[in-house]
Amino acid sequence: MTPILEFHDISKVFFKGSQQIHALSQVTAEVGDGELLAIVGPSGCGKSTLLNLAAGLMKPGTGRLLYRGHPLTGVNTEVAYITQKDNLLPWRTVEDNIALPLGLGGRARLGKHERRERLARQIELVGLSGFEKHYPSELSGGMRKRAQLARSLVYEPDVLLMDEPFGALDAQLKLVLQAELLRTWEGTGKTLVFVTHDLTEAISLADRVIVMSSRPGRIKAVERIELPRPRDPFTIRFEPGFGEYFDRLWSALREDIHQGSEA
Ligand SMILES: Nc1ncnc2c1ncn2[C@@H]1O[C@H](COP(=O)(O)OP(=O)(O)OP(=O)(O)O)[C@@H](O)[C@H]1O
Ligand SMILES: [Mg+2]
């Protein structure tokens, strides 16, 4: 596995007045090129902080963070980031929100025709055809998530970081979107880092699952998920082996959950 992202012995402390919050402690982990990596861990253990570091939105306190073998200095323009908070622009339509990265230049500088084509393809892929002219306030929660997904995929990033993208959705819709995500990811060779609280979701999607401890977040366990692909999130929990993965990951997570819930 060639690593695309490498976290070497990373610690991060936040300062709030006189208070110090130790968010991450000596985190060493790799994300393989083309891998789908899921990160689970109790609330407040530093999962979003890890993604913020990978996106270059903040710097590690100590330790080294490499992207394709080079230290990351500044914003990482190779990644798309679906943050935990929905950040669609309310004054732009679905179509204009999704097209946003295409107007930002860099590698996304495309001809008008190609832009239009890519945009239409992405909108169709996430099932938002017919809603191009709607504003975010006119969409359901799931549709907003789809719009965010389309916006992240439209400039074909090498790495997609997703922070609990389906967290607030009902169980049924979550499965539909997981299936859509797998369908769009499988075979692309793109790297996906997916933060979730849901172990079943992590096992259904991922090549590997990392379990983090409660704050300060450390890597507590790593599990390689050998379930065959293509996977079907609707039925995968009944596959042989799924239960064992779940038990092992749950026992790693369980001890930290109570502590973490007070974070
Ligand atoms: N910009 C910041 N300034 C100060 N403290 C911060 C900042 N960002 C995160 N923290 C603190 O660092 C810790 C880790 O936060 P983080 O958002 O990474 O947790 P998380 O694992 O994503 O939690 P959740 O599952 O609830 O989203 C928390 O205690 C949080 O309060
Ligand atoms: Mg978070």
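- An unreviewed UniProt entry annotates the chain as ABC transporter ATP-binding protein of Streptomyces albipurpureus.

1. Some points on unusual backbone geometry
Here's step 1: In this model, Arg215 is joined to Pro216 through a cis peptide bond whose omega is -5 degrees.
Here's step 2: In the segment running from Arg229 into Pro230, the intervening peptide bond is cis, with an omega of -5 degrees.
Here's step 3: Within the element layout of this structure, Pro230 appears in the loop between β10 (219-224) and α7 (242-261).
Here's step 4: Even without a glycine there, the phi angle at Gln26 is positive, about 50 degrees.

2. Some points on the site of ligand 1
Here's step 1: Neighbouring residues of ligand 1: 15 residues in total, closest Ser43, Gly44, Lys47, Ser48 and Thr49.
Here's step 2: A distance of 2.8 Å is found between an oxygen atom of ligand 1 and a side-chain nitrogen or oxygen belonging to Ser48.
Here's step 3: The side chain of Gln84 places a nitrogen or oxygen atom 2.9 Å from an oxygen atom of ligand 1.
Here's step 4: Considering ligand 1 on its own, with 630 Å² of exposed area, one finds that the protein chains cover 69% of that surface.
Here's step 5: Secondary-structure elements contributing two or more residues to the shell around ligand 1 are β2 (19-32) and α1 (47-54).
Here's step 6: For the shell around ligand 1, the element with the most residues is α1, which contributes three residues.
Here's step 7: Here the shell around ligand 1 is built from residues that sort into five nonpolar, seven polar and three charged.

3. Focus on the pairing of strand β9 (residues 208-212)
Here's step 1: Most of β9 is tucked away, with five of its five residues classed as buried.
Here's step 2: Going residue by residue along β9, you find Arg208, Ile210 and Met212 tucked away on one face and Val209 and Val211 tucked away on the opposite face as well.
Here's step 3: Relative to β9, strand β3 (residues 36-40) runs parallel, the two being bridged by four bridges. From the neighbouring strand, Val40 faces β9, where its bridge partner is Val211.
Here's step 4: As judged from the five bridges shared by β9 and β10, these two strands associate in the antiparallel manner. In the sheet register, Ile210 faces β10, and the bridge partner there is Val222.
Here's step 5: Between β9 and β10, which follow one another and run antiparallel, lie six residues.

4. Overview of the sheet that holds β2
Here's step 1: One open sheet accounts for four strands, arranged β2-β1-β4-β5; its pairing is antiparallel. Strands with a single pairing partner mark the edges of an open sheet, and in this sheet they are β2 and β5 (70-71).
Here's step 2: Across two bridges, the pairing between strand β4 (residues 62-67) and β5 is antiparallel. When the bridges of β5 are listed, Tyr67 appears paired with His70.
Here's step 3: Packing of α1 onto the sheet brings it into contact with β1 (3-16), β2 and β4, and relative to β1 it is tilted by some 120 degrees.

What counts, and at which threshold
- Residues numbered from 1 in each chain as written.
- Chains lettered and ligands numbered in written order.
- Predicted model: local features only at pLDDT ≥ 70, side-chain atom pairs only at ≥ 80, totals over all residues.
- Heavy atoms only, no water.
- Helix = DSSP H or I, 4+ residues; strand = E, 2+ residues; numbered from the N terminus.
- Near = heavy atom within 4 Å.
- Polar contact = N/O pair within 3.5 Å; in protein donor to acceptor, adjacent residues only side chain to side chain.
- Areas by Shrake-Rupley, 256 points an atom, 1.4 Å probe, with all protein chains shown as cover.
- Nonpolar A, V, L, I, M, F, W, Y, C, P; charged D, E, K, R; others polar.
- Buried < 20%, exposed > 50% of the residue type's maximum accessible area, 1.4 Å probe, protein only.
- Pairing = 2+ DSSP bridges.
- Contact = heavy atoms within 4.5 Å.
- Axes fitted to C-alpha atoms, helices over the stretch in contact; angles between N-to-C directions.

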